[in-house]
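Structural overview
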Amino acid sequence: MTDNERNRPLILSLGGINMDLVTFSNRLPADGETVVGDRFVTYPGGKGANQAVAAARMGARSAMVGRVGDDMFGPQLTDLLQSAGVETGAVGVSEGTNSGIAVISVGENGQNRIVQVLGANDTCADAEHDAVAALLPRASALLLQLEVSVDLSIRVAEKAYSRGVHVVLDPGPVRPVPEEFYRHVSVITPNETEAEALVGYAIANEQTAAKAASELLGRGVGAAVIKLGAQGAYWSDGHAGGMVPPFAVPAVDTVAAGDAFNGALAVALSEGHPLDSAVRWGCAAGALSVTRVGAQDSMPERDAVLALLDQ
């Protein structure tokens with residue numbers, strides 16, 4: 001390992017590794033309706049894997065902890081992570097199980113609907129706990145989502161938080177979050193839909209985002225960031241807070257924009273940026289990601305993010 005590599009922060013991601021099966025059409029179908037699409041593609045995805053790639057593209061050392069199946073997608077997913085600069089020594093293979101997949105429909109305006117099958121992601125257990133524990137002494141941040149066992153995520157979050165590692169939780173896909181989880185989270189980053197599921201009311205603007213952030217802080221998180229899509233993001237750490245405005249870009253595909261956000265946020269925090277600055281990094285990365293099609297393929301490079309921040 002070179003001196004430059006030693007000085008780069010190590011970001012861990014424990015979470016889902018998926019193959020995304022994506023259809024594109026002029027509009028999304030209503031319930032019970034069939035529409036004729038324009039094209040079909042496959043892309044590597046999974047929130048955990050996307051965020052690992054996002055951190056790598058932002059210049060950090062990035063390590064993925066998770067599992068793939070023994071189907072045809074497993075080796076492809078691992079190889080693609082490696083080609084993106086992500087360490088995959090802690091990616092296991094679950095025999096007799098399919099890799100995680102996500103079936104994604106994308107409409108003309110870039111909005112999407114997703115059906116996810118967790119597959120091998122749902123088999124993560126003690127081996128993944130031990131892998132995270134072994135890497136934590138060198139890590140500066142741990143990225144978590146809800147694509148693997150919540151109990152496993154709580155265990156590694158507690159261990160990481162106690163060591164002073166930034167624990168960044170993206171509470172998606174929507175699942176119940178036990179009260180004890182919040183106490184081991186440095187920053188929670190729900191989008192509007194996820195925030196609504198957590199607090200029980202619609203999140204539509206700065207006022208409702210601020211209310212939701214306050215409620216999440218009351219549950220024990222260190223800071224809350226509510227991602228509001230085209231409106232930007234609201235952040236609060238209980239002492240200060242406010243809106244970070246959006247970056248104006250042409251939206252092509254919003255898939256994985258939140259993952260780009262989280263990867264950039266974790267890198268910025270690991271490099272010592274205050275939360276408001278880190279949220280701007282996240283917003284810039286998320287904005288750039290929607291200008292490209294795909295999940296991991298849309299994660300932006302560091303130079304592009306910094307250039308957008310300077311505009």
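To be clear, the structure that these remarks concern was listed above.
These numbers come from a predicted model, not from an experiment.

Considerations on the overall build of the protein chain
Each helix and strand counted, the protein chain has 11 helices and 13 strands in total. In terms of overall dimensions, the protein chain has C-alpha extents of about 50 × 45 × 40 Å along its principal axes. Burial analysis of the protein chain (311 residues in total) assigns 56% to the buried set. Once the 21 positive and 36 negative side-chain charges of the protein chain are each reduced to a mean point, those two points are 4 Å apart.

Section: the pairing of strand β5 (residues 86-94)
Direction of pairing for strand β4 (residues 61-69) relative to β5: parallel, over a ladder of 7 bridges. Bridging from a neighbouring strand, Gly66 pairs with Val91 of β5. As for the winding sense of the linkage, the β-α-β connection from β4 through helix α3 (residues 73-83) to β5 is right-handed.

What about the environment of Gln207?
Mapped onto the elements of the fold, Gln207 is located in helix α8 (residues 206-218). A relative accessible area of 55% places Gln207 in the exposed class.

A word on the sheet that holds strand β6 (residues 100-106)
What the 4 strands build is an open sheet, ordered β3-β2-β6-β7; its pairing is mixed. Two strands close off the open sheet at either side, each with one partner strand: β3 (39-45) and β7 (112-117). If you compare each strand with its neighbour and ignore which way they point, the axes differ by 20° on average. Here β6 runs beside β7; their pairing, made up of 6 bridges, is antiparallel. Residue pairing in the sheet places Ile101 in a bridge with Val117 of β7. Running over the sheet, α3 touches β2 (18-24), β3 and β6 and is turned about 95° from β2.

Structural notes on helix α5 (residues 150-162)
Look at α5: 18 Å from first C-alpha to last across 13 residues, which is about the 18 Å you get at 1.5 Å a residue. For α5, the set of buried residues is Val150, Leu152, Ser153, Ile154, Val156, Ala157 and Ala160. Elements that come into contact with the buried residues of α5 comprise β1 (10-14), α4 (126-135), β8 (141-144), β9 (166-169) and α6 (179-182). N-capping of α5 is provided by Ser149, with a side-chain oxygen placed 3.2 Å from the backbone N of Asp151.

Description of the nonpolar core
Ile11, Ile17, Met64, Val225, Leu265, Leu275 and Val279 are the most contacted members of the largest nonpolar core, which totals 63 residues. A total of 9 residues in this core trace back to one element, the largest contributor, which is helix α10 (residues 275-289). The residues contacting Met64, other than those within four sequence positions of it, are Ser13, Gly15, Gly16, Ile17, Gly48, Ala49, Ala52, Leu81, Val86, Glu87, Ala90 and Val91.

Calculation criteria
- Residues numbered from 1 in each chain as written.
- Predicted model: local features only at pLDDT ≥ 70, side-chain atom pairs only at ≥ 80, totals over all residues.
- Heavy atoms only, no water.
- Helix = DSSP H or I, 4+ residues; strand = E, 2+ residues; numbered from the N terminus.
- Buried < 20%, exposed > 50% of the residue type's maximum accessible area, 1.4 Å probe, protein only.
- Lys, Arg positive; Asp, Glu negative; His and termini not counted.
- Charge placed at Lys NZ, Arg CZ, Asp CG, Glu CD.
- Pairing = 2+ DSSP bridges.
- Right-handed = clockwise from strand over helix to strand, strands pointing away.
- Axes fitted to C-alpha atoms, helices over the stretch in contact; angles between N-to-C directions.
- Contact = heavy atoms within 4.5 Å.
- Expected span 1.5 Å × (residues − 1).
- Polar contact = N/O pair within 3.5 Å; in protein donor to acceptor, adjacent residues only side chain to side chain.
- Core = buried A, V, L, I, M, F, W, Y, C linked by side-chain atoms within 4.5 Å.

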